[in-house]
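What the coordinates show
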Amino acid sequence: MIYLHKILPLIASPLFLIIFLIILGTIFKSKKITLFGIVILIFCSLPIISNKLITYLEKDYTLQDASTINNADAIVVLSGMIKTIKVNDKLKYEFGGAVDRILSGIDLFKSNKASLLILTKGQLPWSLGMPEGEYLKEFAIKFGVPEKSILLTDNVQNTDQEAKSVKKLLNSNDVKVILITSAFHMPRAKKVFEASNIKVIPFAVDFINSHQKLTFMSFIPSANALSSTSLFIREMIGRLYYYLKY
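Residues numbered from 1 in each chain as written. Predicted model: local features only at pLDDT ≥ 70, side-chain atom pairs only at ≥ 80, totals over all residues. Heavy atoms only, no water.

1. What about the confidence of the model for the protein chain?
Averaged over every residue, the pLDDT of the protein chain is 92; residues scoring 70 or more account for 97%. Here helix H1 (residues 2-11) is the element of the protein chain with the lowest mean pLDDT, 65, and strand S1 (residues 74-77) is the one with the highest, 98. (pLDDT = per-residue confidence, 0-100. Helix = DSSP H or I, 4+ residues; strand = E, 2+ residues; numbered from the N terminus.)

Quick look at the structure:
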């Protein structure tokens, strides 16, 4: 099932559509179809377009300080920030751009916003090495979080499983958690956790869209902009899926 969840957004991605149109245009020797594919490629690769799309994903949340957050029963940090690196036949780990998730979780815990720090053991079927939560636990302990205050979920593959596993850990129908994830992902994550009867205080981090002046570079196609546009489409598909499910 997880393969279906990951493959469907790829099929609906701009890159897949562009490749499909170019191949179709080549097969039928249609310059119009090929040109249409190229126009979509340029449009989706414009920073001015991708920035607007990412702004929409993140529009419901702003960067917050730990002092402004109410107390809760637990702090939940969602997976999605670790890269596995192979060095001399051994696996090592590095943080990706979403490192603010675990750093914010540690900061909130040290600010006494909750007595528990819950880390999710994210691990996809094709992942190598230990589940992410196990590495994050070691990291949190190094930064002063007592081991007894850290809980790990079961191995999970998506946000829905994360929510159900957290619910199982807390084993109560009246729990409130501070939920930490990337700003673009927060609306979907909040909906899924609330569907599991968990009260959520959202703490969005890892904002992608930075405040920049509009320049001529905003109209120059780039790979980063195409990636951001693809992220927008993938996230909107996820939101639609959970909207229909819950």
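Additional details are given in the paragraphs that follow.
2. Concerning the sheet that holds strand S4 (residues 117-122)
Spatial ordering of the open sheet is given by S5-S4-S1-S6-S7, a layout of five strands whose pairing is parallel. Because the sheet does not close on itself, it has two edges, and the strands there are strand S5 (150-156) and strand S7 (199-205). Across the sheet, the mean angle from the axis of one strand to that of its neighbour is 25°, orientation sign disregarded. Strand direction decides the pairing type here: S1 and strand S6 (residues 176-182), joined by four bridges, are parallel. By the bridge assignment for S6, valine 76 is matched with leucine 179. Contacts from helix H6 (residues 132-142) reach S4 and S5, with the element oriented near 145° to S4. (Pairing = 2+ DSSP bridges. Axes fitted to C-alpha atoms, helices over the stretch in contact; angles between N-to-C directions. Contact = heavy atoms within 4.5 Å.)

3. Concerning the pattern of salt bridges
All told, the structure shown has eleven salt bridges when counted by the stated rule. Between lysine 59 and aspartate 60 there is a salt bridge, with the nearest N and O atoms lying 3.2 Å from each other. For lysine 121, the salt bridge identified is with glutamate 134, shortest N-O distance 3.4 Å. Placement of the pair is lysine 121 in strand S4 and glutamate 134 in helix H6, with a sequence separation of 13 residues. With relative accessibility at 16%, the residue lysine 121 sits in the buried group. Residue glutamate 134 is classed as partly exposed on the basis of its relative accessible area, which comes to 28%. Each member of the salt-bridge network shares a partner with another, and the members are Asp160, Lys164 and Lys245. (Salt bridge = Lys/Arg side-chain N within 4 Å of Asp/Glu carboxyl O. Buried < 20%, exposed > 50% of the residue type's maximum accessible area, 1.4 Å probe, protein only.)

4. A look at the packing of aromatic side chains
According to the stated counting rule, one finds seven aromatic pairs in the structure shown. With 6.3 Å between their ring centres and 70° between their planes, tyrosine 56 and phenylalanine 232 make a pair best called edge-to-face. Remark: phenylalanine 232 occurs in helix H9 (residues 223-245) and tyrosine 56 occurs in helix H4 (residues 47-58); sequence separation between them is 176 residues. According to the relative accessible area criterion, phenylalanine 232 is buried, its value standing at 16%. A ring pair is formed by phenylalanine 139 and phenylalanine 143, whose centres lie 4.6 Å apart and whose planes are at 35°; its orientation type is tilted. Judged by its relative accessible area of 14%, phenylalanine 139 falls in the buried class. Of the aromatic side chains, those joined through ring pairs into one cluster are Tyr93, Phe95, Tyr135, Phe139 and Phe143. (Phe/Tyr/Trp six-rings, centres within 6.5 Å; stacked < 30°, edge-to-face > 60°.)

5. Points about helix H8 (residues 186-195)
Buried within H8 we find Met186, Pro187, Arg188, Ala189, Val192 and Phe193. Asparagine 197 lies just past H8 and shows a positive phi near 65°.

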